Structures are given as C-alpha cells and as structure tokens.
Amino acid sequence: MPEIFIDNKRYEYEEPGKVLQFMLDHGLDLPFFCYHPSLSIPANCRQCVVKAGMPVFDRDKGAYEIDEDGNRKIRYFPKLMTACSLDLADGMVIHTHHTDDLVKQAQADNLEFILINHPLDCPICDQAGECPLQILTYKYGPEGSRFEHKKVHKPKAIQLGPRVILDAERCINCTRCTRFTEEISKTNQLSIISRGDKNYPMTAEGEEFDDPYSLNTVDICPVGALTSADFRFKARVWEMNQTPSIDVSNGKGCNTYIWTRDNLVMRITPRFNEAVNDHWMPDAGRLSYREYNENRISKPHIRLDAGNQVKSSWNNAELTFREELEKRSADKIQVIGSPHASVEDNYVLKSSFEKLGVQNFSFVPHVIPGAGDDLLLTDDQAPNTNGVRALGYAATESGKLKKLIDSKKPSMIVILNDDLMGRTDAPPELFEDTFVVYLGTNHNETSKHADLVIPVTSAAEHAASYVNVDGRIQRTFPAKETLYTNRRLNLEMSMGRLDHYGTKFDNWVSDANRIDCIPAWEFFVRISPDSDRPDWQSSRDILDQISGEVPLFRDVSYERMDDENGIQLKLEQDSEVNTV
Amino acid sequence: MSKDWKSYQPHLLPAIKDLHEMPVYEKHGGYKALSTILKDKNNWPPEEVVAEVKEANIRGRGGAGFNAGLKWSFMPEPDGGPRYLACNGDESEPGTFKDRKLFEFNPHLFIEGAIIAAYAMHVDVIYVYIRGEYRPYVKLLDEAIRQAYDKGYLGKNILGSDFSVEMYTHMGAGAYICGEESSLMESLEGKRGYPRVKPPFPAQKGLWGRPTTINNIETLANVPLVINNGASWFKQIGPDSHPGPVLYGISGHVNQPGVYEYPSGMEIMTLINEVAGGVRNGKKLKALIPGGSSTPPVRADVLDGITMDADSLREIGTMMGTAGMVILDEDTDMVDVIWRISHFYHHESCGQCTPCREGTGWLEKTLLKIKNGNGEMRDLDLLLAICNRMEGRTICALADAAAWPVRYSIDRFRDEFESRCKKTVYAVA
C-alpha cells in the first residue's frame, strides 16, 4: 500500500487525494482558509504551506537511494507547497510547522500578510468566536504586526441580497463564496471585483444576491465579511447552545444544528451529512427557526358555546376530550395524521384510536409541484411524508379532503399538527358541524377554528424521528425546554453527550420563554384508560415498539440513527402520492 | 557575432515598405515556409517540424526563455478533441514594446509562424490575445488575418491540404496579469484573469480543459525563419545557448529609444552607446533594467563585456526577460524608480494569493514612505523581509516579479536608500 510520511510518522493511503484532506481525515492540524472539501481547490490563501519532498529513486538499482545514516535520500521541492493542492504520492515526505521552522515561519508570515488590511474589529464582529481567522491567528499567527501604514478601505455593510450583508474590509479573498455560487448553487451571482488588495466579492451591477442558498456563503466565509442579515448582532456564538437536529421545513431533512439561547432558537445552521445535504442547506430552512419561537400555542384552548376560544387547564382539556369521545361511535371519528409530525406522534395517534375501534386514518400530503430543485429544495413541504404513509395512513390529496368529509360525515375530526384549513381547499365552514380537535405547535387557521386545541412540542423541543423524501430516517434532539419537562430528565439531552466545545454541562438553562406544551404522544398516553395505558417514558420507547411492529422500521433505533447519522430505509411504495 | 552587428540584415522587421500587405509579404518570400511544409507533408510531418524548431533552440521571447520546440513537444497525442494555440501578445510590462512592432510592420510573419506551430501541434484553433491598449494594432492584425483567410492560408484545407486551422484575435481589458499564461487562458475563457494552479500544465489541461500551448508573438515569428533557412542557420545567429534574432526594446535615458532587431547576445554597452545613440545629454549610465520591469536592475559598473543572452546576464544577477531594456542615467533616483515599479505591481496584482495581494501594497507603501523622506533604516530590513516572504509563495510569478526589483535595488543601490532613510540630502554620485 502506498505510504506517506508526515512529520516523520508513517501513514498509508488507498485512494489518491490531496495532502491537506488526508491530514484533516487523520486529525492532523494545518491552518487553511480557502480550502473547502466540497468546493474546487484554488490554493489562493497560501496558508497551508508545507515542506514536501520525494525520495530519490535509483532506476538502475530499482530501489530508493540511501544516505549515510541509512535513511532514504529526500529531494525536497524548491518551494514550499500548498498542502491543499498537493497530490499524495508514494513515499512522499511532508514537514509541517511541527517539524520545520521554515514552515512555521511561513504560516506566521502569511497570517501577518492577511491581517495587514483586515480591520481587526473582532469585538464588534459577528464571526468572533467561530472565526477561522481569529482562531488560526491565535494558534499560528505572529506576535504582532510591523505594518505601519493606512489600511485599505473598502465598502462596509452592503446589503448584497435580502439575506446576506457584506463587509468588504474583512474579506480575505478566499473566494469560497464565489466558488459556492459557481459550483454548488450554480447561480453565479457572486464574483470577485476589482484587483489586488482592493478586491472583494460583489454581485453584478444592479443584481441582488437572492440565491435560495445564499446563507451558506455566510457559513463558509472564514471571516466576518459575509453575515446573515437576520442573525447579525443578535447573539454571540458562545452564549448559545448548539443541538443537532434536522430541517423540518421541507422533505429533504437537511441535517442541522439548532442554536438556542434562553429557550429561544436564534439560528439554524447546516450539519455535515454526506448522504443528505453535504455542508449545505436552503435559506428557507434556516429562516424557519422563527416558527419555534413565535406564535406558539401555549396552554390548551377550548371553544365555548358562545364560539370564543379560551385557555383552559390541562385537566379540563383532557376531560373535554374524553367526554367528546364517549358521545359518539368510533365510525364517526376521522383521524388525520400529519406529514409535519414525527413518526412517533403519528404512530401513537393511530394506535390509540385503533384501540377505540376507529378505522378512518388519513393524511394530506403537503406537496407544491415545482417548489423543488435538484439540490436541496423539494416539492414536498413536509419532513415526514414517507413516515406517515408507512404507518398506514391513507393519503388524501388536499383537493379531495372535502370529498372525504362529505362522504364519511364524521362528527369528530382529530387533526395532528397540520394547518389543513390554512393550506388546503378545506375552508373552516367544511368543519362547522364537527368537533375538531387540533394538536398543534403554532397558531394558525386550523387552531383558530378548532373546538379543542392541544399545544404540542415542535421539532426543537422533542426527540423524534422523521423519514425524508429519499426514505432516510433521521431524528431530532430537544434543543429548548418546555414548561413541564426537563429535557435532561426526558432522557434525550443526555448528560454524557459532549457538545461542540467538548464540554458536558455547558447548556445554559433558563426559565424564560418556555412553552406550555407536551409531546403529542404524551397527550394520548394521558387520555388512554388507566387499565390500558402504555408505559412509554420517552419517544425512544415508542420507536422501539414501532421497530417491532412496522416492517419498514425493523432494526431502527435511536442508537443506530445516532451512530450512522440516519438510516436509509427500503421504501416499498413508490414515493408518488397514492390517493384514496 | 556582435562584432559584425553593423552588417546584420534584419529578418523579423526587415526594411521593406508595406510588408504588412499580403502581396508585398508574398513577394519577399512570405508563406514560403508554410507552403513548403504543406506541399511536402511526407518530408515535413508535424513531428519533424517540432524537431526542427526544437533543434533551432528558439528560447521563448516572452521572458521565461524556454525552448519553444521543447514546449511544443509537451502536447499529448491527438485524441480527436479540440486543441489550442494561444499567442501571447499581451505585453504589458513596463519597458516591453516589441510585439507591437510585429503587429504593425510584419504581422504575416507571425501569422505564418502561428499556422506552422498549429500544424506541428495538431491545433484546431489559434487565439491571439492582445492587450486592449493595442487597439490600432489589433485592427492591423485583423486585416492581415483577413488577407490570410482570403488567400487560403487560414481556414479549411489550407493550400489544398487536409490541414485546417482558425485564427481569432482577442483583446484584453487592461490587466497585466493576463499576460501570465494561465490567467491568459482564464481571460480567454471569459473568466476573471486569475492564474491557475499548476499542475495540471496547459499542455494537459489548458483552454476549456483541452491541450493548449501558449507562445509569445516574437517566438512564433521566428518559426518561419527556422523552416526556411534551417535550424543550423538559425543557431549560428548569436550565442549557441540563446540563438536567433532578438527585438531589443530600448527605452529610458538614451538618445534614440526604440525597437531594434539584432542578433541575440549583443554587448549591452554596444546597444546603449552605438545602437541607441548613447545616454541622453551625455550623462553617465547609472543602472540598467535589462528585460522589463520585473528583471532585477543592475549597476552600470558591472556591464562591461556583458552580452544580452540568458547565460551572460545570469552572471551579473539578472535576466534577459523580454529584452525590454530600460536605461537609467546618473540623475535617476533609484528610490523613485523602484517605488514606481512597486506601484505598478501593486496596481496589477490580481489579488488571488495572499502574499502578493498584501505584499505588493506593503512594499509600495513602505517605499513611498522612504521616498517621501519619512523612512527609517529598519524599513529597509522590513522591505527585504517582505520580499523574502513573497518570493516563491504564490501561484504565479508576479510576486517574484514584484519582489526582485526591490530586493536587488536595495542590494545594489543601498547607499541611495540609506541616505534617504537617514534623512540626509542625497548627493548625486
């Protein structure tokens, strides 16, 4: 197997590749700015320089030449090489800053260069705390600067597009953003303009940077040159908790981090998953964080005879629900599951009502044809269409909801978190004669017209799994607390899990902004009769039961999902929407 | 050779009226080399043309001085896909202005050379990249190309053979960096003129990812001479290691600046004193920049017996470059000169690599400080330190080109820099 020597240690490699990526894969440190594993290699920051050499091969003897000490003779390249663009070669010898003073000096020199025209306004810069330039300067940079002249001034606070703001002075011209629009989102909206130390990324004259993936450039910007118009000046990186999660704003299920402070979600950023979203996610998914904070339903609501909704106690809500169930026979109850709710919630909803003899289970796919693209946006607007279908809910296209209600004439409809009255052709009048129970996260048309509203947890508050359009099951973690549950006690935010910064207990606990809601499954456990109450303690127990019952979910568990970063399921139905 | 330079008959720029017109050029042996090859393809297969040019040892006239035939031989075997020849007429370096004379007075010689090069390398399309400021010469070249198409020297089935090639001119937009071969290709592709990382080299992956060779205009103009007269004839012009006619662009403080064609390896003092009519106003010579602003300046006192060829110039620590000689007389302030050169490189750095983007500006600002009389002795050390960390740390050679004049002028004219820094009045030597 071909071998390479890095700082006098021997490594083997199988696939051809570049030295920097090889070092990153093996946990070796080397500073870099412009390199990004998912983008082309421009080698323009010149930060990852190493001393590289090849052993001298004696063709006549068919062996490497040996020096007096019995070591291979190495012929070094005359210049320092950038590791990012240097191909692995058998026998290659690499010296980094650990074993070569020239390399160490070169890295410090390069940082001094980068910093001479950088404004060094870290105290007011949003990137501070997660800034590669800041981190690498502390680690590899020079003690100070010998630059005694005026820095180059460039435009600041330019609104490049609706979501991205540019501070050109901070830019170190790594071209990651322009390469992103060229190679990943393929809109080519950004380009470097001007020349030399005056250059910075900019859109074409009169164009705006409205790429649906524009905020990814903010993530990959190694300095604070590109910042999010939404997030800037809102929170410091070190004040937030970072919880792995998935994007529930469309069907792709991009892997994300949810960043919270005081039980408010401050922002959502992508989390690397090669099988789903690589390093990227659409802007729409990031900006959907507001739904976790704003307009949330807190405390159950009951419609009075006069027609107005009032807040009620949980006891009262449960009582009302039980009474309404007892009033009617099972065939008069229609249960509508939700592609927006998790596998666990949908499962418990169905199994609870099956015990009562209910047979009418359907769900309304949330598909907007043409909304998707071939990157990460999907026509499917819901995160769990495949999951709810696999649990045995019949798909009812949104236009056919009226027909369903007209034909079956249910007197009670239970709707799990899905704004049917808002998004489908089923106006509130259609539900006038029925008792509507809505279990939802946010106030919307449906909650407004429901007779009983039960507030349930959102994807930021519970551990639950979702099956994306490609049949991959992935799960969320509780990122913020609800009023009654302590997420630590709820098992999923386990104490042993190291966070991004390697600490166990850095979660900032606060009583502020907690929502009075419970997981939907918990509500159904509460209302089930005492004699037949399942003893589920967490959604983990529910998924264990599902994996034993539903063939599609065989062998699926939270442990496997965590270890394998999601599990690809073998979908039996084609992903086309079956209609009833 | 330099002894009988007075009897030298120019080949690249012969004194013939209206040589840029097709009938005149044809009358004086024009397109003979091309028709010799195409009419006798058995004797002149492409490999043979490459071998002959390689044997002639035409050292690239664009500055690097690489054997042109050897460069051609790097092109891979044809695989049926397109292959390109890019002709570099972007000469933008201060002190270099030789190619414009070819465009102006003998464009067909270059066109013929380019067609032969295309034949030798199985090239389908020739691009001529010319700096945008040469608008009038682009017109002249376009006219010459049109004439060549009319006569069937360009286009489909040239001179009845099965060899076809197209030729296009492309104007730059005022960036010095686009004269660097890989950024020239980027610019031709319609992109921002950023030099590319090598490898892959242009012969493997050039224009649009296809095999490409980039040659200087003057280099290609030498090709018909080699074919017509043979490699051995070409090699006996000038020194063996650097043969052939050279267009010397002489500028600066001389009485008769201009482009002069003489054999390679002319004695520098002969060129200054006899060809260019001596230093202006009878002043003494102080310094010479031998091949465009990027080549290290040398003191006048080392020039005795030094000739204009790569080997001889290496002895005194400089380079042939493009043979664009800038003569500086004794009144010249070297700090001013170097500051101005630094200003040029600061302005022209493309900004891709950190050391060049930031270093060129830092050099210029520090030199300006010294020039304005605010310099301190430590600034000289700083300048050398900046040069150290720029050289060899970037993708292309612009950082080196920016650092060398500073490094070598501090090295060779340190007294002038020091006197500025010591805030004393600088007495002219």
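Worth saying up front: this structure is predicted, and the values here are computed from it rather than measured. (Residues numbered from 1 in each chain as written. Chains lettered and ligands numbered in written order. Predicted model: local features only at pLDDT ≥ 70, side-chain atom pairs only at ≥ 80, totals over all residues.)

**Topic: the confidence of the model for chain B**
Working step 1: The share of residues in chain B with pLDDT of 70 or more is 98%, and the mean pLDDT across the chain is 93.
Working step 2: Interface confidence for the predicted complex, expressed as ipTM, amounts to 0.91; the pTM equals 0.91. (pLDDT = per-residue confidence, 0-100.)

**Considering the sheet that holds strand β7 (residues 285-289) of chain B**
Residue and element names in this part refer to chain B.
Working step 1: On the basis of which strands lie adjacent, the open sheet formed by 5 strands has the order β6-β5-β9-β7-β8 and mixed pairing. At either margin of the open sheet sits one strand with a lone partner, and together these are β6 (258-263) and β8 (298-299).
Working step 2: Pairing of β7 with β8, which is carried by 2 bridges, proceeds in the antiparallel orientation. When the sheet's bridge partners are listed, L288 is paired in β8 with V298. (Pairing = 2+ DSSP bridges. Helix = DSSP H or I, 4+ residues; strand = E, 2+ residues; numbered from the N terminus.)

**Looking at unusual backbone geometry**
Working step 1: Of the consecutive residues K198 of chain B and P199 of chain B, the connecting peptide bond is found in the cis state with omega at -10 degrees.
Working step 2: Among the structural elements, P199 of chain B can be located in the loop between α8 (181-188) and β4 (212-216).
Working step 3: Cis geometry is found at the peptide bond from P199 of chain B to P200 of chain B, where omega equals 5 degrees.
Working step 4: By the secondary structure assignment, P200 of chain B is in the loop between α8 and β4.
Working step 5: Despite not being glycine, N188 of chain A has its phi angle at roughly 55 degrees, a positive value.
Working step 6: Looking at where N188 of chain A falls in the secondary structure, it is placed in the loop between α4 (176-184) and β11 (191-193).

**With respect to the sheet that holds strand β10 (residues 164-166) of chain A**
Residues and elements named next belong to chain A.
Working step 1: Strand order in the open sheet formed by 3 strands is β9-β10-β13, with antiparallel pairing between adjacent strands. In this open sheet, the two strands that pair with only one neighbour each are β9 (158-159) and β13 (226-228).
Working step 2: Bridge count for β9 against β10 is 2 bridges, and the pairing is antiparallel. Looking at the pairing, Q159 lines up with I165 of β10.

**Observations regarding α8 of chain B**
Residue and element names in this part refer to chain B.
Working step 1: The buried fraction of α8 amounts to 7 of the 8 residues, a majority that puts the element mostly inside the structure.
Working step 2: Three or more residues of α8 are buried, namely E181, S182, S183, L184, M185, S187 and L188.
Working step 3: The secondary structure elements touched by the buried residues of α8 are β1 (84-89), β2 (125-130), β3 (166-171) and β4.
Working step 4: Phi turns positive, to about 90 degrees, at G190, one or two residues after α8. (Buried ≥ 20, exposed ≤ 12 C-beta atoms within 10 Å, placed from the backbone. Contact = placed C-beta atoms within 7 Å.)

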